[in-house]
Every structure is written in structure tokens, then in C-alpha cells.
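A look at the structure
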Amino acid sequence: MMVHHRYATVQGRRLFYREAGPADAPVLVLLHGYPTSSFMFRGLIPALADRYHVIAPDHLGFGLSDAPPTEEFDYTFDALTELTAGLLDQLGVTRYAIYVQDYGAPIGWRLALADPKAITAIVTQNGNGYEAGFVPEFWETVWAYHRDPEDESGIRTALTQEAVRWQYLTGVPDESLVSPDTWHHDVALLSRPGNDKIQLALFRDYATNPPLYPALHEYLRAHRPPVLAVWGRGDEIFAPAGARAFADDVPDAEVHLLDGGHFLLESAGDEVAELIHDFLDRRVPAGR
């Protein structure tokens, strides 16, 4: 399966995205988390592109997309969502399923709230939408930064190679399945001059995400999109309670807890791809 590597200019910003699959197939948009990029989907895209039109953008400030300094661009989840919506509009995409992970979740939720009828299905892989699931031992550093943004001493540890490696390996039964390329790739991009300020801005803006959850839950109850929550049960950032919570508002949500961590695709990619294929084949008929 051929995967295309492309750029588009949206609101004056150059965004990189990966695209594969039949042009007339149902669309699946893959939204990555911190601190990675569409690179995390390098194995998933060809596995799904036989029957789906897959689009995976790099958020501004991540991967191969532009990374203007914070003095030139206000990095917020609202702003990243507007760029994603602009890219999809430019590509002529009006109906699509979303796969969200980590930061991709608050971007996906904003897309759904802005245009509920556009969303054909939701696949959430360790992408929280509830207060349930936040692991306090991890999040206390972020919450402390929200309380005192002048004190960066704690939050800056999240930018280190040790912290990124921890995200990839924690909860994975067999660490040898996770390629060290992953965290070295991410750390190299985090280490670009000025990227630390971009990430700190988004850490601060994460405080805007939980207040959206009630609106998300109302959307889920009102529109009942098909939901698949496939979760690494060993994730010490978003625990399995975050996956189970989706069934509170979408009773037929399909919840699967797999052995693995926050970046489940790295150790259980084939299993995740099979679950997504089965789910979309049943719940998103061709032509939707």
C-alpha cells in the first residue's frame, strides 16, 4: 500500500500530512499525541488504507509541520483544531471518522463539537475524554504548572529523553518490541531551538480541555457516534478507567484493554489495526 507524504498551506502555515487509500473510501483522520507526530502511525496507515482513505497530519509545532516561535503563533488546542479543520476543508473532507490519542483527543473533541454531523465514528486509543482515567502521579506535575506557570522546574522534565522514553516503555510487557527510534525521533524534534516554549504553551493550555468534557458527553449522548476505545492497560498517564467511561454516555461503545502502554501501536499495532478494521467495517458502511 502506497503512502503519500504531502504538505499543505493552511492559514499561512505549512502542515505535513500522510495520506493513503482509495480516494472514494470512507475517511479516517488520525490525530497524534505528545510528543510525537504522524510518525506514530507509520505502521497503522498501510494496515487500514486497503479499505479506508487515511489522513494523518502533524500538528503545528510537531513532526515535519511548521513550528513558528511562540512569539509569532499562539499555541492553543483551539488553534491546532482550527488548522486541522482548515486542512480537511482544503482536502474536501466533510465526513470522517477520527482516531485520537493523547493530544489528538482534545483536538478531535473540538472538531466533533464544532461539526457533530461530520463525525462518522470515534476510535480513541489512550485519548481521554473524562475526569476518570487521569493518573494523579503523572498529572500532578502538569496541574502544579497550571497553578504556577512561572515555575517551570517540574514541567521541563517532560521534555527530557528519559521522560519520553518512559512514555513509550511504561506498561509494555516486552520492552524489546518498542523501537528506540521512537523516542530518539521525538526527542530530536523536541530539542529544536524554541520548541520547548511551544510545548510549555500547550502544557499550560491543557487546562482548557477538562472543562470541555461536559459538552463532549452531551454530544456523545445526543449523537451516539460509534465509539471504539482501545487502550493500553498499563498506561500510567491515562488509566483504563478513561476507556471504560465512554460507555457511560455511549452504551454500545466497544472497549478493549490490551497489554501495552500509552503508545500501544508500538507493541500491539497488529491487534489494534484488526480491532479498528472490524469496528469500522461494521459501524461505518462504505459511502459514509
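Each remark here, short or long, concerns the structure printed above.
Quick summary incoming for the structure in this document. (Residues numbered from 1 in each chain as written. Predicted model: local features only at pLDDT ≥ 70, side-chain atom pairs only at ≥ 80, totals over all residues. Heavy atoms only, no water.)

Quick look at the overall build of the protein now. In terms of helices and strands, the protein carries eleven helices and eight strands. Computed over C-alpha atoms, the radius of gyration of the protein comes to 18 Å, within 12% of the 19 Å expected from 2.2 N^0.38 for 288 residues, which places it in the range of a compact globule. By residue count, 57% of the 288 residues in the protein fall in the buried class. Looking at the protein alone, contacts between residues at least 24 apart form 75% of all its contacts between residues at least 6 apart. Carbon together with sulfur atoms contributes 51% to the accessible area of the protein, which is approximately 11700 Å² in total. Of the charged side chains in the protein, 22 are positive and 41 negative; the average position of the first set lies 5 Å away from that of the second. (Helix = DSSP H or I, 4+ residues; strand = E, 2+ residues; numbered from the N terminus. Rg over C-alpha atoms; globule rule 2.2 N^0.38 Å. Buried < 20%, exposed > 50% of the residue type's maximum accessible area, 1.4 Å probe, protein only. Contact = heavy atoms within 4.5 Å. Areas by Shrake-Rupley, 256 points an atom, 1.4 Å probe, with all protein chains shown as cover. Lys, Arg positive; Asp, Glu negative; His and termini not counted. Charge placed at Lys NZ, Arg CZ, Asp CG, Glu CD.)

Further remarks concern the sheet that holds strand S7 (residues 227-232). The strand order across the open sheet built from eight strands is S1-S2-S4-S3-S5-S6-S7-S8, with neighbouring strands paired in mixed fashion. Both outer strands of the open sheet, strand S1 (3-10) and strand S8 (254-258), are each paired with one neighbouring strand and no more. Looking at each pair of strands side by side, their axes are set apart by 20° on average, direction ignored. Of the pairings in the sheet, the one linking strand S6 (residues 119-124) to S7 comprises three bridges and is parallel in character. Bridged to Thr124 within S7 is Ala229. Helix-sheet contacts for helix H3 (residues 104-114) involve strand S3 (27-31), strand S5 (96-100) and S6, and the interaxial angle to S5 is about 155°. (Pairing = 2+ DSSP bridges. Axes fitted to C-alpha atoms, helices over the stretch in contact; angles between N-to-C directions.)

Another aspect to go through is the packing of H3 against helix H8 (residues 213-223). Helix packing geometry: the angle between the two helix axes and the distance between the axes. Packing of H3 against H8 brings their axes to within 10 Å, and their N-to-C directions diverge by 55°. Between H3 and H8, the interaxial angle falls into the category oblique. Between H3 and H8 lies a crossing of left-handed hand. Side by side, H3 and H8 meet where Trp109, Ala112 and Leu113 of the first sit next to Tyr213, Ala215, Leu216 and Tyr219 of the second. Within the contact of H3 with H8, the residues separate by chemical class into seven nonpolar, no polar and no charged. (Parallel < 35°, antiparallel > 145°, perpendicular 65-115°, else oblique. Left-handed = near helix turned anticlockwise from the far one by under 90°. Nonpolar A, V, L, I, M, F, W, Y, C, P; charged D, E, K, R; others polar.)

In this structure, Pro35 follows Tyr34 across a cis peptide bond, with omega equal to 0°. Relative to the helices and strands, Pro35 is located in the loop between S3 and helix H1 (44-48). Of note, the phi angle at Asp102 is positive, near 55°, even though the residue is not glycine. Secondary-structure assignment places Asp102 in the loop between S5 and H3.

The subject of this paragraph is empty space enclosed by the protein. Counting across every chain of the model gives one cavity of 30 Å³ or more. By volume, the largest cavity amounts to about 50 Å³. For the largest cavity, the full set of lining residues is Leu15, Pro57, Asp58, His59, Leu60, Leu80, Leu83, Thr84 and Leu87. No other element matches helix H2 (residues 77-90), which puts four residues into the lining of the largest cavity. Counted by class, the lining of the largest cavity contains six nonpolar, two polar and one charged residues. (1 Å grid on protein atoms, 1.4 Å probe; cavity = no way out; pocket = protein on both sides within 12 Å on 5 of 7 lines; lining within 4 Å. Points joined across faces, edges and corners; volume = space filled by probe spheres on them.)

This part takes up the side chain of Asp235. Looking at the element boundaries, Asp235 is found in the loop between S7 and helix H9 (241-244). We note that Asp235 is buried and unpaired, the nearest opposite charge coming from Arg233 at a distance of 12 Å. In this structure the side chain of Asp235 is engaged in a polar contact, spanning 2.8 Å, whose partner is the side chain of Asn126. Only 2.8 Å separates the side chain of Asp235 from the backbone nitrogen of Ile237, close enough to count as a polar contact. (Salt bridge = Lys/Arg side-chain N within 4 Å of Asp/Glu carboxyl O. Polar contact = N/O pair within 3.5 Å; in protein donor to acceptor, adjacent residues only side chain to side chain.)

The next subject is the pairing of S7. Taking burial as the measure, the six residues of S7 include six buried ones, the bulk of the element. Bridging between S7 and S8 involves five bridges; their strand directions are parallel. For Trp231, the partnering residue across the bridge sits in S8 and is Leu257.

On to the pattern of salt bridges, then. Two side chains of opposite charge can pair, provided their charged atoms sit close to one another. One pass over the full model with this rule turns up 15 salt bridges. The partner of Asp281 in a salt bridge is Arg51, and the shortest N-O contact between them spans 2.4 Å. Taken together, the positions of Asp281 in helix H11 (residues 265-283) and Arg51 in the loop between H1 and strand S4 (53-57) put the pair 230 residues apart, joining distant regions of the chain. According to the relative accessible area criterion, Asp281 is partly exposed, its value standing at 35%. Between Arg221 and Asp249 there is a salt bridge; the shortest N-O distance is 2.7 Å. Of the two residues, Arg221 is situated in helix H8 and Asp249 in helix H10 (residues 246-249); the sequence distance between them amounts to 28 residues. We classify Asp249 as buried; its relative accessible area is 8%. Because the salt bridges share partners, they merge into one network encompassing Asp252, Glu254, Asp278, Arg282 and Arg283.

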